[in-house]
Amino acid sequence: MDNFGAKNMQNPPLKSQKCLLGTQILFRILSTAFTLAATLIILTSKQTVTVFGIEMDARYSYSSAFKFFALTNIIGCAFSVLSLFLASFLGHKNLDPKNYFYMFLHDLIMMALLLAGCAAATAVGYVGKYGEMHSGWMPICDHVSKFCHKVTTSVMLSYFAVILYLFLTIISANQSRKIQV
């Protein structure tokens, strides 16, 4: 009878570990999808319009902030795929809390990198949408609305990936606190 009680006490931690691993894998798949979609959308965002007889071309490559944003999403997507394989590999091994510390560092760096790219694109996007009257910069989104819409969609998808990486960071930090020193 005592042996039966011991087996029941061991199952919940194993079940919660598998649920935690499943959640991590799901979040990593979603962050890969969001960063990939954000990358594809920003790389294909371009629009050419004629304003007052002058042809105006809007492309992501004309702004260093948008290039940085595209690069951070490419890096985020690649490392999301890498961490997905690493998380599933570590899930099949004995779950050592030290592994979660390395995943915590990875998730924290990816979250910070993606957040930096999103912040840069958001700042430039805000100026493109509303202008900066003190500097004499006019808003352009009323002329190239298709371009602005694609950039906005890309930035929103990337912010979703940042939120997922925030959750992954919290999960990894919670698991890595079990390290015995």
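Bear in mind that the values here come from a model prediction, so they are computed numbers and not experimental data. (Residues numbered from 1 in each chain as written. Predicted model: local features only at pLDDT ≥ 70, side-chain atom pairs only at ≥ 80, totals over all residues. Heavy atoms only, no water.)

Quick look at the confidence of the model for the protein chain now. Across the protein chain, pLDDT averages 85, with 86% of residues at or above 70. Here helix 1 (residues 2-43) stands out as the element of the protein chain with the lowest mean pLDDT, 78, in contrast to helix 4 (residues 145-176), whose mean of 92 is the highest. This model gives residues 6-12 a pLDDT under 50, and the stretch forms 0 contacts once residues within four places in sequence are excluded. (pLDDT = per-residue confidence, 0-100. Helix = DSSP H or I, 4+ residues; strand = E, 2+ residues; numbered from the N terminus. Contact = heavy atoms within 4.5 Å.)

Take the UniProt feature "transmembrane region" (unreviewed entry) in the protein chain next. Per the UniProt record, the feature "transmembrane region" (unreviewed entry) sits at residues 25-45, 65-87, 108-128 and 156-173. Strand forms 0% of residues 25-45 and helix 90%; the C-alpha atoms that close the span are 30 Å apart. The span residues 156-173 is 100% helical and 0% strand by assignment, and the distance between its end C-alpha atoms comes to 26 Å. (UniProt positions renumbered as here; feature names shortened; annotations may be inferred.)

Across all of its chains, the model carries 1 disulfide by this definition. With its sulfur 2.0 Å from that of its partner, Cys 141 forms a disulfide with Cys 148. The chirality of the disulfide connecting Cys 141 with Cys 148 is left-handed, given an S-S dihedral of about -90 degrees. Both residues of the pair, Cys 141 and Cys 148, belong to the buried class. (Disulfide = S-S within 2.5 Å. Buried < 20%, exposed > 50% of the residue type's maximum accessible area, 1.4 Å probe, protein only.)

So, about the packing of aromatic side chains. Across all of its chains, the model carries 6 aromatic pairs by this definition. Between Phe 34 and Phe 160, the aromatic rings sit 5.6 Å apart at their centres with planes inclined by 45 degrees, giving tilted as the arrangement. Remark: Phe 160 occurs in helix 4 and Phe 34 occurs in helix 1; sequence separation between them is 126 residues. An aromatic cluster is defined as three or more aromatic residues linked by ring pairs; in this entry it consists of Phe 101, Tyr 102 and Phe 104. Sitting over the face of the ring of Tyr 130, Lys 129 holds its NZ or CZ atom 5.9 Å from the ring centroid. (Phe/Tyr/Trp six-rings, centres within 6.5 Å; stacked < 30°, edge-to-face > 60°. Lys NZ or Arg CZ within 6 Å of the ring centre and 35° of its normal.)

On to the pattern of salt bridges, then. On inspection of all chains with the given rule, the structure shows 2 salt bridges. Among the salt bridges present, the one from Asp 107 reaches Arg 28, with a minimum N-O distance of 2.9 Å. Here Arg 28 lies in helix 1 and Asp 107 lies in helix 3 (residues 97-130), a separation of 79 residues in the sequence. Residue class for Asp 107 comes out buried when judged on its relative accessible area of 0%. We note a salt bridge from Asp 57 to Arg 59, for which the minimum N-O separation is 2.8 Å. For Arg 59, a relative accessible area of 31% puts it in the partly exposed group. (Salt bridge = Lys/Arg side-chain N within 4 Å of Asp/Glu carboxyl O.)

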